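# Structural description and commentary
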Amino acid sequence: MPRKFKKANNDTGSNKLTEAVNDAFVRNTCKRKLTNNAQESLHKVKLSEETTQPNASNIASQMLKIEKGKESIMASECLTVGRNHETDSDITDMDANNDDQIPVDKDIDIELGCSKNSDNRLLYDWFDCPCVDLAKNLLGMKLVRLTESGERRSGYIVETEAYLGADDKAAHSYNGKRTERNKAMFMKPGTSYVYNIYGIYTCINISSKGEGAAVLIRSLEPCDGEDSMKIARRIRKSEKSKELKQHELCNGPSKLTQALGITKENGDQVDLTTSSCFWVEKGNPVPHSSIIACKRIGINNAGDWVDKPLRFYVKGCKYVSTRDKAAEANCS
């Protein structure tokens, strides 16, 4: 412990002298502490360089720069106490400089070149187009769901079907029929419409421009959360069944909702342009020459609408529910 200075005399000259000496003592003490800390940090870096791989020296050098920067800030704070508060801005500047010096893992989707968050979501204007156009445009885009636990599950859309509203005899909204069940089909473009089938399964649609028009999402190519998708899908299967392959996880409208954990309760009537847990992101648009147009699946009692080519999928894609070989052969 440093020795204490003798109490100064009451005269003004003695007080000023004592304050000057004390101030010098504090400055020297801070400098000695900072020097010792710097030497100790340098010693740790040298030990790290001797025991790690050669390329670790670059990392150690960066760490030393940060340590020295922090020590510089501490010294500034120690020597300017009671005079100003400029060190707050210095710390901010130093943090910014460190961000430039050290690469930060920003969780980038290398394949698409886009960040794995909602910054790349598709907005209202993108969805505000005729149903057939939306069904084609959605191919190659990424459907994303953030689960209750914060896990991200997603997949590239590879198969869709268009349901055109009041005139479409296969649509839930045929003849302008509007119920509590299908009300999302009449909501703003970019709204999700989730409905139950067979009492236990669900399908997801996205509303488009046009009264009662929506696009059914039929298949996805799994992207994020594949392991969790496998677990979610196995709940519906026997324990003795074989493990599902990647292309079997989301190759059907009910399979993909199981895999992503989409239910009527958490997924119906959601505005995909603003939701924090459910949205569509930009992906790779599929060229017109690679889109197969053929009749929809499971449509039997809809008159001349049965054979209308309103199902669209990526040509030759193994992730679709069913490939139409005849349609593919006719596609040049």
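Residues numbered from 1 in each chain as written. Predicted model: local features only at pLDDT ≥ 70, side-chain atom pairs only at ≥ 80, totals over all residues. Heavy atoms only, no water.

## Concerning the overall build of the protein
What the protein contains, in helices and strands, is nine helices and 10 strands. In the protein, which comprises 332 residues, the proportion classed as buried is 40%. In the protein, once contacts between residues fewer than 6 apart in sequence are set aside, the share between residues at least 24 apart is 62%. Carbon together with sulfur atoms contributes 51% to the accessible area of the protein, which is approximately 19500 Å² in total. (Helix = DSSP H or I, 4+ residues; strand = E, 2+ residues; numbered from the N terminus. Buried < 20%, exposed > 50% of the residue type's maximum accessible area, 1.4 Å probe, protein only. Contact = heavy atoms within 4.5 Å. Areas by Shrake-Rupley, 256 points an atom, 1.4 Å probe, with all protein chains shown as cover.)

## Looking at the layout of surface pockets
There is about 520 Å³ of room inside the largest pocket. As for the largest pocket, its lining consists of 24 residues, of which Tyr163, Tyr195, Ile297, Gly298 and Ile299 are closest to the centre. Of all the elements in the fold, those that place two or more residues in the lining of the largest pocket are β4 (152–163), β5 (192–197), β6 (201–207), β7 (214–222) and α7 (253–260). The dominant element in the lining of the largest pocket, judged by the number of residues it contributes, is β5, at three residues. A class-by-class count of the residues in the lining of the largest pocket yields 14 nonpolar, six polar and four charged. (1 Å grid on protein atoms, 1.4 Å probe; cavity = no way out; pocket = protein on both sides within 12 Å on 5 of 7 lines; lining within 4 Å. Points joined across faces, edges and corners; volume = space filled by probe spheres on them. Nonpolar A, V, L, I, M, F, W, Y, C, P; charged D, E, K, R; others polar.)

## Considerations on the nonpolar core
Ranked by size, the top nonpolar core spans 60 residues in total, and within it Leu138, Leu143, Ile217, Leu220, Cys250, Leu260 and Val280 carry the most contacts. Each residue touching leucine 143, except ones within four places of it in the same chain, is listed here: Arg153, Ser154, Gly155, Ile157, Leu220, Leu256, Leu260, Phe278, Trp279 and Val280. (Core = buried A, V, L, I, M, F, W, Y, C linked by side-chain atoms within 4.5 Å.)

## Some remarks on the pairing of strand β10 (residues 311–314)
By the alternation rule, side chains of β10 split into Arg311 and Tyr313 and Phe312 and Val314, which are all buried. As judged from the three bridges shared by β4 and β10, these two strands associate in the antiparallel manner. Bridging across to β10, threonine 160 finds its partner in phenylalanine 312. Here four bridges tie strand β9 (residues 291–294) to β10, and the two strands are oriented antiparallel to one another. Bridging across to β10, isoleucine 291 finds its partner in valine 314. (Pairing = 2+ DSSP bridges.)

## Here we look at the environment of cysteine 331
With respect to the secondary-structure elements, cysteine 331 resides in the segment after α9 (325–330). As a C-alpha pair, cysteine 331 and alanine 293 span 38 residues in sequence and 8.7 Å in three-dimensional space. For cysteine 331, the residues in contact, after removing those within four places along its chain, are Ser289, Ile291, Ile292 and Lys315.

## Section: the pattern of salt bridges
Applying the stated criterion across every chain, the model contains 15 salt bridges. In this structure, arginine 153 engages glutamate 151 in a salt bridge whose closest nitrogen and oxygen atoms are separated by 3.2 Å. When salt bridges with common partners are traced through the structure, they connect Glu159, Glu161, Arg218 and Arg311 into a single cluster. (Salt bridge = Lys/Arg side-chain N within 4 Å of Asp/Glu carboxyl O.)

## What to know about unusual backbone geometry
Of all residues except glycine, most have a negative phi; of all peptide bonds, most are trans. Of note, the phi angle at asparagine 175 is positive, near 65°, even though the residue is not glycine. Secondary-structure assignment places asparagine 175 in the loop between β4 and β5. The phi angle at glutamine 269 is positive, at roughly 60°, despite the residue not being glycine. Tracing the sequence through the fold places glutamine 269 in the loop between α8 (264–267) and β8 (278–281).

## So, the packing of aromatic side chains
Applying the stated criterion across every chain yields a total of two aromatic pairs. Their ring planes at 80° and their centres at 5.4 Å tell us that tryptophan 126 and phenylalanine 127 sit as a pair that is edge-to-face. Note on tyrosine 193 and tyrosine 195: the rings are 5.2 Å apart at their centroids and 40° apart in plane angle, and the pair reads as tilted. A relative accessible area of 11% places tyrosine 195 in the buried class. Directly above the aromatic system of phenylalanine 186 lies the positively charged group of arginine 178, at a separation of 4.1 Å from the ring centroid. Of note, lysine 308 hangs over the ring of tryptophan 305, and the distance from its end group to the ring centre comes to 4.9 Å. (Phe/Tyr/Trp six-rings, centres within 6.5 Å; stacked < 30°, edge-to-face > 60°. Lys NZ or Arg CZ within 6 Å of the ring centre and 35° of its normal.)

## A few points about the side chain of aspartate 168
Residue position: aspartate 168 is located in the loop between β4 and β5. Within the local environment of aspartate 168, its side chain forms a polar contact with the side chain of arginine 296, the two groups lying 2.7 Å apart. Contacts of aspartate 168, omitting those with residues within four sequence positions, involve Ala162, Tyr163, Tyr174, Arg296, Trp305 and Leu310. (Polar contact = N/O pair within 3.5 Å; in protein donor to acceptor, adjacent residues only side chain to side chain.)

## Some points on helix α6 (residues 226–234)
Those residues of α6 lying buried are Ser228, Met229, Lys230, Ala232 and Arg233. Looking at the buried positions of α6, the neighbouring elements they touch are β4, β7 and α7.

## Observations regarding the side chain of glutamate 281
For glutamate 281, the position within the fold is in strand β8. One polar contact links glutamate 281 to arginine 152, side chain to side chain, over a distance of 3.1 Å.

## So, the confidence of the model for the protein
Chain-level pLDDT for the protein is 75 on average; 62% of the residues reach the 70-or-more range. This stretch, residues 1–18, has a pLDDT under 50; its non-local contacts, to residues over four places away or in other chains, come to 10 contacts. Here residues 41–118 scores under 50 on pLDDT; set against residues more than four positions off or in separate chains, the count is 58 contacts. (pLDDT = per-residue confidence, 0-100.)

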